[in-house]
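Listed below are the residues making up each chain.
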Amino acid sequence: MIPSAPLAPSPSHASIPTGLTPREAFASLVREVRAEVDARLSRILDDTRAQAATYGGDVAAMADGVRDLTLRGGKRLRAALAVAAYRACGGATDGEAGALDVGAALELLQTYLLIHDDWMDNDDVRRGGPSVHAMLRVHFGSKDRGDWAGILAGDLASALCTEVVAKAAAPAPRVLAATVLFSQITRDAIFGQLLDIGARAEDVETMHTLKTGSYTVRPETLAAIQESLKAGRRVVHIACHSFTPVLEGHVRAMDVGLLYDPRREAERRFGARSAPCF
């Protein structure tokens, strides 16, 4: 379903402009990464849809649901964090196709989780349009068959994101390490989703750390692996991994609407001189 050759970065790939505030620089990075990742996603999902169509209209409709939701919107912040971590670890912009592949995979993981989450929550609207199970209910003219197809659509997105990571444009040892970590991210997100279903007050913080923090923050570690396994970069990877709990806590706090200061938490955990520059 996905081209066997790694997807190469655009020749016009540009670096972050200088003379900007950190907020402006990150906004510029997000725009840059969004264009690259969206192009990757379009190619992957177009190929998937074409293959699905060979099995009939119902399979094509399922693939259409995955494509429509993935490309309908999304800020691509997770992909941008992955590329930012890659560059922070010393990665060259002319060789960051692997980090961009990871970014595309993270967006497909998000699609997978949203499809299943919408069905479990009985939400019929996502990103300003119908959720995938709602689209498929219309296609099949049946609530049950639409819901069953919706679950399979989520499974399809999960399979695609795993394949993208496994084919990322990077040396084999780094791809293997990234694939293992990506599987752990997916596992933790599933654990968090189950805790969400349980809806116990004592599980709220753990649930958000697993369900949202895992695949929002650990992309940095995924991208760091792309660079840190080179000689002299291992320390950078360890440092990135050490700050993951701090950033996950920040994401968890945003998710539940709490007031949370990541700089203060970093100082508490690692000392004043170790605080990240948020």
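Residues numbered from 1 in each chain as written. Predicted model: local features only at pLDDT ≥ 70, side-chain atom pairs only at ≥ 80, totals over all residues. Heavy atoms only, no water.

## Description of the overall build of the protein
To keep things clear, this is the line we draw: Strands here mean DSSP runs of E at least two residues long; helices mean DSSP runs of H or I at least four residues long; both are numbered from the N terminus. Buried, partly exposed and exposed residues are distinguished by accessible area as a fraction of the type maximum, computed with a 1.4 Å probe on protein chains only: under 20%, between the cut-offs, and over 50%, respectively. Should any heavy atoms of two residues lie within 4.5 Å, those residues are considered in contact.
Broken down by element type, the protein carries 12 helices and 2 strands. Starting at the N terminus and walking to the C terminus, you meet the elements of the protein as α-α-α-α-β-β-α-α-α-α-α-α-α-α. Burial status across the protein gives 46% buried among its 278 residues. Of the contacts formed within the protein by residues at least 6 apart in sequence, a portion of 69% connects residues at least 24 apart.

## Observations concerning the confidence of the model for the protein
Spelled out, the test is: Scored from 0 to 100, pLDDT records how confident the predictor is in each individual residue.
Predicted confidence across the protein gives a mean pLDDT of 75, with 68% of residues reaching 70 or more. Here helix H10 (residues 234–242) stands out as the element of the protein with the lowest mean pLDDT, 40, in contrast to helix H5 (residues 132–140), whose mean of 97 is the highest. Counting interchain partners and residues more than four positions distant, the pLDDT-below-50 stretch residues 1–16 has 43 contacts. Of the regions scoring below 50 in pLDDT, residues 225–278 engages in 84 contacts with residues more than four places distant in sequence or in other chains.

## Quick word on helix H3 (residues 77–88)
Helical geometry note: an α-helix holds 3.6 residues per turn, so side chains three or four residues apart project in the same direction. We apply this condition: For a helix, the expected span equals 1.5 Å multiplied by the residue count minus one.
The end-to-end C-alpha separation of H3 is 16 Å, in line with the 16 Å expected for 12 residues at 1.5 Å each. Within H3, burial applies to Arg78, Ala79, Ala80, Ala82, Val83, Ala85, Tyr86 and Arg87. Positive phi shows up at Gly90, right after H3, with a value of about 95 degrees.

## Description of the pattern of salt bridges
Applicable threshold: A pair is scored as a salt bridge if a Lys or Arg side-chain nitrogen falls within 4 Å of a carboxyl oxygen belonging to Asp or Glu.
By the definition in use, this model includes 15 salt bridges. In this structure, Asp64 engages Arg49 in a salt bridge whose closest nitrogen and oxygen atoms are separated by 2.8 Å. A residue pair is termed long-range when its members are at least 10 positions apart, and Asp64 in helix H2 (residues 57–72) and Arg49 in helix H1 (residues 22–53) qualify at 15 residues. Look at Asp64 and you get partly exposed, because its relative accessible area is 30%.

## Notes on helix H6 (residues 143–166)
Stated precisely, the cut-off is as follows: Counted as a polar contact is a pair of N or O atoms within 3.5 Å, where, for protein atoms, one must be capable of donating a hydrogen and the other of accepting one, and residues adjacent in sequence contribute only when both atoms are in side chains.
Over its 24 residues, H6 extends 35 Å from the first C-alpha to the last, a length consistent with the 34 Å expected when each residue adds 1.5 Å. The backbone nitrogen of Asp144 has a side-chain oxygen 3.4 Å away, supplied by the residue at the start of H6, namely Ser142.

## Focus on unusual backbone geometry
Phi at Asn122 takes a positive value of approximately 55 degrees, unusual for a residue other than glycine. Here the phi dihedral of Arg127 falls at roughly 55 degrees; this positive angle occurs in a residue that is not glycine. In this structure, Arg127 sits in the loop between strand E1 (125–126) and strand E2 (129–130).

## Here's the deal with a nonpolar patch on the surface
Convention followed: Two joining distances apply to patches: 9 Å for like charges and 5 Å for nonpolar side chains (Val, Leu, Ile, Met, Phe, Trp, Tyr), and every residue must have over 30% relative accessible area and no salt bridge. Under the convention used here, a 1.4 Å probe and the Shrake-Rupley method define accessible areas, while residue burial counts only the protein chains that appear.
On the surface, Trp119, Met120, Leu194 and Ile197 cluster together into a nonpolar patch covering about 390 Å² of accessible area. Counting only elements with at least two residues in the nonpolar patch, the list comes to helix H4 (97–121) and helix H7 (172–198). Assessed through its relative accessible area of 34%, Met120 is described here as partly exposed.

## Some remarks on the side chain of Arg76
Checked against the element boundaries, Arg76 lands in the loop between H2 and H3. Judged by its relative accessible area of 3%, Arg76 falls in the buried class. Within the structure, the side chain of Arg76 is placed 2.8 Å from the backbone oxygen of Thr70, a separation counted as a polar contact. When residues no more than four places from it in sequence are discounted, the contact partners of Arg76 are Arg34, Asp38, Leu41, Thr70, Leu71, Glu107 and Arg127.

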